[in-house]
Amino acid sequence: MTRVRVYLRLALIATVAALLGIVACSQQPPPAKPVVKDNSKRQKAPDFALKDSSGKLVHLADYKGKVVLLDFWATWCGPCKIEIPWFMQFEQEYRSRGFEVLGVSMDDDGWKAITPYVTARKLNYRVVLGDDKTADQYGGLEALPTTFVIDRDGRIAATHVGLVNKKDFSDAIEKLLEAPAGDADVNARRSD
Amino acid sequence: MLTLTLAAQTSPTLTVAPVPTVKAKKGTVATVTVRAALPPGFHANSNTPTDAYLIPLTMKWTGGPLQADGVTYPKADLEKYSFSDKPLSVVTGEFSITTKFKVPVDAPPGPSAENGTIRFQACNDRMCFAAKTVPVTISLNIE
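No experiment lies behind these values; they were computed from the predicted model shown.

Chemist: Just to check I follow, could you spell out the state of the cysteines for this structure?
Modeler: Covalent bonding between the sulfur atoms of two cysteines defines a disulfide. Per the stated rule, a full pass over the model turns up 2 disulfides over all chains. Here A:Cys77 engages in a disulfide with A:Cys80; their sulfurs sit 2.2 Å apart. As the torsion about the S-S bond is roughly 85 degrees, the A:Cys77-A:Cys80 disulfide counts as right-handed. Of the two residues examined, A:Cys77 and A:Cys80, each falls in the buried class. The disulfide partner of B:Cys123 is B:Cys128, and the S-S distance across this bridge is 2.1 Å. One disulfide, between B:Cys123 and B:Cys128, carries an S-S torsion of 100 degrees and so falls in the right-handed class. Of the residues examined, B:Cys128 reaches a relative accessible area of 0% and is grouped as buried.

Chemist: Hey, could you run me through the packing of helix α2 (residues 78-94) of chain A against helix α5 (residues 166-178) of chain A in this one?
Modeler: Working note: a packed helix pair is described by the angle between its axes plus the distance between those axes. Residue and element names in this part refer to chain A. Following both chains from N to C, one finds α2 and α5 inclined at 25 degrees, their axes separated by 11 Å at the closest point. Taken together, α2 and α5 sit at an angle that is classed as roughly parallel. The way α2 lies across α5 gives a crossing that is right-handed. Mapping the contact onto sequence places Glu83, Trp86, Phe87, Gln89, Phe90 and Tyr94 in α2 and Lys166, Phe169, Ser170, Ile173, Glu174 and Leu177 in α5. Partitioning the contact of α2 with α5 into residue classes produces 7 nonpolar, 2 polar and 3 charged.

Chemist: I would appreciate a short explanation of the nonpolar core in the present structure.
Modeler: As a rule of thumb, nonpolar side chains are buried together in soluble globular proteins. Of all hydrophobic cores here, the largest spans 60 residues; its most connected members are A:Leu70, A:Phe72, A:Phe90, A:Phe99 and A:Tyr138. If you tally residues by element for this core, the top one is α2(A), at 7 residues.

Chemist: Sorry, what's going on with the environment of B:Thr33 here?
Modeler: Residue and element names in this part refer to chain B. Mapped onto the elements, Thr33 comes out in strand β3 (residues 29-37). Residues Thr33 and Ala131 lie 98 residues apart in sequence; the distance between their C-alpha atoms is 22 Å. Beyond its immediate sequence surroundings of up to four residues, Thr33 is in contact with Val19, Ser96, Ile97 and Thr98.

Criteria and thresholds
- Residues numbered from 1 in each chain as written.
- Chains lettered and ligands numbered in written order.
- Predicted model: local features only at pLDDT ≥ 70, side-chain atom pairs only at ≥ 80, totals over all residues.
- Heavy atoms only, no water.
- Disulfide = S-S within 2.5 Å.
- Buried < 20%, exposed > 50% of the residue type's maximum accessible area, 1.4 Å probe, protein only.
- Axes fitted to C-alpha atoms, helices over the stretch in contact; angles between N-to-C directions.
- Helix = DSSP H or I, 4+ residues; strand = E, 2+ residues; numbered from the N terminus.
- Parallel < 35°, antiparallel > 145°, perpendicular 65-115°, else oblique.
- Left-handed = near helix turned anticlockwise from the far one by under 90°.
- Contact = heavy atoms within 4.5 Å.
- Nonpolar A, V, L, I, M, F, W, Y, C, P; charged D, E, K, R; others polar.
- Core = buried A, V, L, I, M, F, W, Y, C linked by side-chain atoms within 4.5 Å.

What follows is the structure, given as structure tokens:
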């Protein structure tokens, strides 16, 4: 009889503990979304050759060794225009540490639409005119803004579709600027 | 090509309701209303956007026996969005576009069709989508 009572008590304690555990787990906030992807999960950013306002061809490969914020936007996109002043600030703040913003405009009307906007807003970073081929390479870009934060090795470390917080970008940039180029190779060798 | 997770970020569809066959008498004016709808949570710029950079809602008639003689767009709403300092002139939900057509006296009698397009550029409160063109066809019976 005594043994039965002990078993019953133990079973009761175990049940209560399990229930408390479930409640505790359900009340925990979801894990924070990482600012940047792990090295092993980063994909190579597709290279492209797009022209800037002076007609000069710009390749993404030209930026190797730098952290790049690649912003696909358009003058007809309201949410894009919220982010542009942030990107101008990032360009000013982080450029000396090996960072650059590259805007890719998806305006169908081309420079006729882009130039007045870029001039009026005094954009301090380079803008190139995008095309369908580049859009396809970057997943179709159905929605704008779509922004990629690219590490010093030319790999996509963060992707943002739609308007996000300024801090999401600055945290990612800070983290990538702290990591030296070739970080992926070092990590790969470590895991061998 | 990159494999991205862009679920729930796909471009909204403008649904255009079928227009009942229009009886058009030669030498008169026929009025045709096209009803369209955007999904909840999305807006499109009206035909008179508040910003010159924005792409307006447009209805164009591209082919058929009738002569378009004025398009009346839906009354725009002035809506404030988190991404804009000032309210935007937009259409949301269900709306109608009405066109007046002159029916030429020499229009061929019998069944025919008038073709057109609606061009719209939609956004939600976080992102925008490239302008799309939706075909519209009206069945006619010219008398």
